[in-house]
Amino acid sequence: MLDMVNPAPSEGPSLEELLKRRRPGYSLEAPFYTSPEIFQADIEHIFKRHWLYVGVEPDIPEPGDCVTIDIGTNSVIIARDDDMSVRAWHNVCRHRGARLITEEKTSVGNIVCRYHHWTYNLSGDLVFAEHMGPSFDHKCHSLKPVHLRNVAGLLFICLADEPPADFDEMAKVMEGYIAPHQIANCKIAHQSDLIEPGNWKLTMENNRECYHCTGNHPELTIPLFAYSYGFAPEEMDDIQREQAARYDKLVADMTAEWESKGIPAREVDHLDDIVSGYRTQRMPLDGDGESQTMDTKVACKKLLGDLTEAKLGGLSFWTQPNSWHHFMSDHVVTFTAIPLDAGRTLVRTKWLVHKDAVEGVDYNVEDLTSVWRATNQQDSDLVGLCQLGATSVAYEPGPYSPNTETLVEKFINWYVGRMRTHLHIAAE
Amino acid sequence: MLDMVNPAPSEGPSLEELLKRRRPGYSLEAPFYTSPEIFQADIEHIFKRHWLYVGVEPDIPEPGDCVTIDIGTNSVIIARDDDMSVRAWHNVCRHRGARLITEEKTSVGNIVCRYHHWTYNLSGDLVFAEHMGPSFDHKCHSLKPVHLRNVAGLLFICLADEPPADFDEMAKVMEGYIAPHQIANCKIAHQSDLIEPGNWKLTMENNRECYHCTGNHPELTIPLFAYSYGFAPEEMDDIQREQAARYDKLVADMTAEWESKGIPAREVDHLDDIVSGYRTQRMPLDGDGESQTMDTKVACKKLLGDLTEAKLGGLSFWTQPNSWHHFMSDHVVTFTAIPLDAGRTLVRTKWLVHKDAVEGVDYNVEDLTSVWRATNQQDSDLVGLCQLGATSVAYEPGPYSPNTETLVEKFINWYVGRMRTHLHIAAE
Amino acid sequence: MLDMVNPAPSEGPSLEELLKRRRPGYSLEAPFYTSPEIFQADIEHIFKRHWLYVGVEPDIPEPGDCVTIDIGTNSVIIARDDDMSVRAWHNVCRHRGARLITEEKTSVGNIVCRYHHWTYNLSGDLVFAEHMGPSFDHKCHSLKPVHLRNVAGLLFICLADEPPADFDEMAKVMEGYIAPHQIANCKIAHQSDLIEPGNWKLTMENNRECYHCTGNHPELTIPLFAYSYGFAPEEMDDIQREQAARYDKLVADMTAEWESKGIPAREVDHLDDIVSGYRTQRMPLDGDGESQTMDTKVACKKLLGDLTEAKLGGLSFWTQPNSWHHFMSDHVVTFTAIPLDAGRTLVRTKWLVHKDAVEGVDYNVEDLTSVWRATNQQDSDLVGLCQLGATSVAYEPGPYSPNTETLVEKFINWYVGRMRTHLHIAAE
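Residues numbered from 1 in each chain as written. Chains lettered and ligands numbered in written order. Predicted model: local features only at pLDDT ≥ 70, side-chain atom pairs only at ≥ 80, totals over all residues. Heavy atoms only, no water.

Digging into the overall build of chain A
- The helix and strand tally for chain A stands at 9 helices and 17 strands.
- Taking 428 residues into account, the globule formula puts the C-alpha radius of gyration at 22 Å, and chain A, at 23 Å, falls close to it.
- Its C-alpha atoms put chain A at 85 × 65 × 35 Å along the principal axes.
- Among the 428 residues that make up chain A, the fraction classed as buried is 61%.
- Long-range pairs, those at least 24 residues apart, make up 67% of the contacts in chain A between residues at least 6 apart in sequence.
- If you sum the accessible surface of chain A, you get close to 15,800 Å²; carbon and sulfur atoms cover 51% of it.
- Taking the 39 positively charged and 64 negatively charged side chains of chain A as two groups, their mean positions are separated by 4 Å. (Helix = DSSP H or I, 4+ residues; strand = E, 2+ residues; numbered from the N terminus. Rg over C-alpha atoms; globule rule 2.2 N^0.38 Å. Buried < 20%, exposed > 50% of the residue type's maximum accessible area, 1.4 Å probe, protein only. Contact = heavy atoms within 4.5 Å. Areas by Shrake-Rupley, 256 points an atom, 1.4 Å probe, with all protein chains shown as cover. Lys, Arg positive; Asp, Glu negative; His and termini not counted. Charge placed at Lys NZ, Arg CZ, Asp CG, Glu CD.)

What follows is the structure, given as structure tokens:
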């Protein structure tokens, strides 16, 4: 074939070899961040086989509302039927394969393919297809369904035929934590899409530590305790040690107080010991902090659900492989990281407020979003620096801090474990 | 090698396997539309081995006129010599390989390489090359010729050493059909290049059916009979059945009338039973329709050749793998689809009128081109939707309508047959 | 894996086969210019294993000055320490692999990673890394050094663990030639980056002959003798032969005169017989020519170093694989070609003048740079034409002129020889 050259046998290790020899406590070898082949394997074994957070009930409040999401090259429709049930299907016509819905959000009566007007109802059944002749069976040409779960208003999909079963245990736990914030009674006040110039695992590693927050996130760190990021006790002086102890006591006190009021708060961490890995904890904010805002006060006067107290700390919720969420008394910020290629990742952020809150009266978008708009961009820049570094011949896995990067290590543990399982590889 | 990972043995089928198991009556499996490897195989076995329509005599009316066309990465010069003969060569200098002509159209005395001024005449001979020493043989460094045929003014090239021989039979038939429109006495009134965001086979499948015309092509369908697209008789009521019968009779009547006047009109279909596959038919237009225009009337007052009757229907001509043409009494529209990569295809459209027609007096470009400019863009959008769908894990071959997509099936038959032949594969 | 197709066994030759069968006296086969696999092999065996010219001492005149250069995806920092020594390291943090310095030029006290503030001094030692715990050893996490040599003010790096040893012999010779121009006492008056649309070897082949100069480089050829480009004696008439003989005598006379004054001038050519291949010669300019400028006069009134005579001809210096340099009495122009991918090459050009020359008084940038800005763009266009040609099925290696393209042949000899050595291939 023209210009095709039979490559010399590569000196590079195989994915299997790389997974086998992974060194605990260290970042991954470079090909995990740069190789198109490993990116495809990530899509295949991580993103097509696990539950993915993709949106919220307020994306589709009314019957006929649709939202589409692309996982790799796979587009999925999530729609609300007339009976208010929520369903998901692949966004592909069963005739000539045309994409059915091209908008990220729309509202429809039926799902009609533009090409030859094949028409599906909101249960996914093919209800109209002209000129196909008497032997054509409509029932064999329904939309292909995608598994969907609704966890207290957060929508997860799974592209696998048999999704991981332990998701339901996670869902049961998390419904209690999230319930007070009543996602279904929220609306989306703002949404942003940011394409980070790095591999999705760099995006996730960045999300799983706050070692980098001081000095990189001036806005985000306003309401956060510095001692909540992790620290090396042996590097601290007596004053610092005392402050850290005070912080630990505050967390214990507030946890007890919140739980006594029926608001779940204590840490649950299954980041690397189950298939549908997750972690949650409600943590106090610094000083008089009420919310993740520039002035640490609530950004929306109308609190979520039936909440009456603004000072409720922040409930964080992380899922493997690709989401994180912060629930405050007045608003929710929720993030999903969607891999685009080996070197680019879409981070989609949604800011939710009470559905009855009035823009310009109860809240304004600028104040609501300023902390995380700034933080997302700062993180994107850092992820880009790591992607550049990973392409260098000089890159080698570096050590994670045993104090401030433990959740990064757990993310990597989970990733490597899932890949080994699907590729039938034992650790060395 | 840095970052190179030995890919795990792919689970995907080979091209051979895909060709073997092709299911008749259904669209192709996804890799045929998306795989870079199959795209390369298409270039190798389809576009380098078959006759391709690339232009018209009016592209190069005068001695020294040149037009260039790129087939994949292969640029070809077509030029008219002083004796009015038309020749084609590869657009590559025999010295250091520089591209010789960079414009799509130009006019030259000799073909001079910009790099070191090696100079070729319009017979392709190297006539000047400085500093090459006494042992250098000019005769061994002529331009490399490309096979060229002129079919009643339509120019076809073939990059193969031995082009398919049955082309000449097609040419003999088609010369009769096209002759009344006298292409050599036309000029190019307008040309457009549109890059469709899809595989070239999706462009061709789109071209080979009008199932999608209703609802997608409001401009094109004005002068066309709905019953000319194909239909499922068993889905029709009595009134529709009667109209369809009337249409069939009209076609038979008009064909007889035109042929009695020496204007070939009857259908000839060799789309999938010969190597140089083609199809032609002259078909009546709806009502008082004269031409493929918004008002169904001729767009050019000066009719083509010696024609005196405006109401001559439309002669269509399709060739495998990549062209289609419509000849009306007043103008010709001619199309070629050039693959750019697995997901992009250039569609080049030329509108011809009589060479003596005067712009602004006999015709204007806006009215002449409005139907097909709109239609091309609509088709491009539809092709793009199919390309998006084909990349989804949920895509699977869908059934062609046995009534309205029979010519699509014939295109696929031809394609699969040619690929099997060149790859020495028997059907399963 | 989705859409992955097992490619049919390629009919293309291997790199080994291509290297074995290379035909002397002819340009390379197409894959050498177009194949991504051979591009990677070039990076691996040429650019990672040989000395590369990357900058000049005036890039980093003061302590703390840094310049970065990207060789493929490998970014390297070159910095001046407080003791005025110059060092080079990979631009990669040893923690999470972030790129450390993102600017092409900057000045720093220490090298601080933006991500987690790991800090390295200008000797490359890690001097600060928080939260890493008591078992963390700073000494194991220094910046990774890169080999660096300073040849009379020209900076060369080598990414190999064991760089070619014969570089030092070249350095010893060249220091004498360059010394009169005193690079360390220059400043950079202007720098340009141009991305040529072709393979780096086409950039180099273009640089190694002036067969193309007449007709393509009207500005450059003003001060040059046409007879300095090489010519075929048997194509010349008596008058031309006489002029050529006069040119040969002029070169001999001027060489003797310059060398008698202690200014090395005679040709040294080791382009294809040593690993660190190079060539140099001081050549007279045409007529009263003093410098490579539009009016052939010096562009800077203040001459370089201790020079007092403007009419010093031009000292040229070429190194394999990727640099060329011209030293005149008043200024220096220095070029490095950095491969970006199989079809793109960065050419970085620096114009140096005496560091005490005053812009607007002693020189202006427009006059200083106009010849080579024009010439670079013209060469880039020519390289682009060859890249287009090399992708055609019709491309085949063409003959080099035995009179005007002998240094091109030597470049190819060197390249093929180095590749054969590293891939353990004998010539056929």
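Regarding the sheet that holds strand β2 (residues 65-71) of chain B
Residues and elements named next belong to chain B.
- Taken in spatial order, the 4 strands line up as β4-β3-β2-β5 in an open sheet, and their pairing is antiparallel. Bordering the open sheet on either side are β4 (86-90) and β5 (105-107), each of which pairs with just one other strand. The sheet shows a mean angle of 25° between the axes of neighbouring strands, taken without regard to direction.
- Across 5 bridges, the pairing between strand β3 (residues 74-80) and β4 is antiparallel. Following the sheet pairing, I78 is matched in β4 by A88. (Pairing = 2+ DSSP bridges. Axes fitted to C-alpha atoms, helices over the stretch in contact; angles between N-to-C directions.)

A short note on the relation of the copies chain B and chain A
- Overlaying chain B with chain A gives an RMSD of 0.0 Å, the required rotation being 120° about an axis along which the chain moves by 0.0 Å. Such values leave the two copies arranged in the relation of a three-fold axis.
- An asymmetric contact is evident, with only 18% of the interface residues of chain B recurring at the interface of chain A. (Least-squares fit on C-alpha atoms with pLDDT ≥ 70 in both.)

Examining the environment of R373(C)
All names here are of chain C.
- Within the fold, R373 resides in helix α8 (residues 365-390).
- Separated by 118 residues in sequence, R373 and T255 place their C-alpha atoms 29 Å apart.
- In this structure R373 touches W351 and E366, once residues within four positions along its chain are discounted.
- Separated by 2.8 Å, the side chains of R373 and T369 make a polar contact. (Polar contact = N/O pair within 3.5 Å; in protein donor to acceptor, adjacent residues only side chain to side chain.)

Some thoughts on the side chain of D362(B)
All names here are of chain B.
- Position of D362 among the secondary structure elements: in the loop between β17 (344-354) and α8 (365-390).
- Look at D362: it is buried, it has no salt bridge, and the nearest opposite charge is K301 at 5.7 Å.
- D362 has contacts with A299, C300, K301, K302, D356 and A357, leaving out every residue within four places of it along the chain. (Salt bridge = Lys/Arg side-chain N within 4 Å of Asp/Glu carboxyl O.)

Quick notes on the pattern of salt bridges
- Enumeration according to the criterion identifies 86 salt bridges over all chains in this entry.
- Its salt-bridge partner being D59(A), residue K105(A) comes within 2.6 Å of it at the nearest N-O pair. You can see K105(A) sitting in strand β5 (residues 105-107) and its partner D59(A) sitting in the loop between β1 (52-56) and β2 (65-71), a full 46 residues away along the chain.
- A relative accessible area of 35% places K105(A) in the partly exposed class.
- Salt bridges linked by common partners bring R96(A), E205(B), E209(B) and E405(B) together as one network.

A closer look at the relation of the copies chain C and chain B
- Between the two copies, chain C and chain B, the superposition gives an RMSD of 0.0 Å; the rotation angle is 120° and the shift along the axis is 0.0 Å.
- When the interface residues of chain C are mapped onto chain B, a mere 19% of them again lie at the interface, so each copy presents a different face.

Here's the deal with the interface of chain C and chain B
- The interface of chain C with chain B comprises 48 residues on the first partner and 46 residues on the second.
- Interface area for chain C against chain B, summed over the two sides, is near 3,900 Å², with a carbon-plus-sulfur share of 56%.
- For the interface between chain C and chain B, the tally reads 5 salt bridges.
- One salt bridge in this structure joins E205(C) and R96(B), with 3.8 Å as the shortest N-O distance.
- Put simply, chain C and chain B have 21 residue pairs in polar contact (both at pLDDT 80 or more) between them.
- At the level of secondary structure, the elements contributing two or more residues to the side of chain C that touches chain B comprise α3 (36-47), α5 (200-207), α6 (213-216) and α8 of chain C.
- Ranked by residues supplied to the side of chain C that touches chain B, first place goes to α8(C) with 7 residues. (Buried area = accessible area lost by both parts, 1.4 Å probe.)

Thoughts on the state of the cysteines
- Considering all chains together, one arrives at 3 disulfides over all chains under this definition.
- Two residues share a disulfide in this structure: C210(A) and C213(A), whose sulfurs sit 1.9 Å from each other. The sign of the -95° torsion about the S-S bond sets the C210(A)-C213(A) disulfide as left-handed.
- Residue C210(A) is classed as buried on the basis of its relative accessible area, which comes to 14%.
- C213(A) sits in the buried class, given a relative accessible area of 2%.
- Here C386(B) stays free of any disulfide, with the sulfur of C113(A) as its closest cysteine sulfur at 7.1 Å. (Disulfide = S-S within 2.5 Å.)

Observations regarding the domain arrangement of chain A
Residues and elements named next belong to chain A.
- Assigned domains of chain A: these are domain 1 (52-151) and domain 2 (166-421).
- If you average the C-alpha positions of domain 1 and of domain 2, the two centres end up 32 Å apart.
- Every contact between the two is made by 18 residues of domain 1 and, on the other side, 24 residues of domain 2.
- When the area that domain 1 buries against domain 2 is broken down by residue, the three leading residues are Y53, P58 and V151, summing to 45%.
- The tally of links from domain 1 across to domain 2 stands at 3 salt bridges.
- Residue K350 is joined to D59 by a salt bridge in which the shortest nitrogen-to-oxygen separation is 3.0 Å.
- Contributions of two or more residues to the side of domain 1 that touches domain 2 are made by β1, β2 and β9 (147-151).
- It is β1 that contributes the most residues to the side of domain 1 that touches domain 2, 5 residues altogether.
- Here the residues of the side of domain 1 that touches domain 2 sort into 8 nonpolar, 4 polar and 6 charged. (Domains from an automatic or database assignment. Nonpolar A, V, L, I, M, F, W, Y, C, P; charged D, E, K, R; others polar.)

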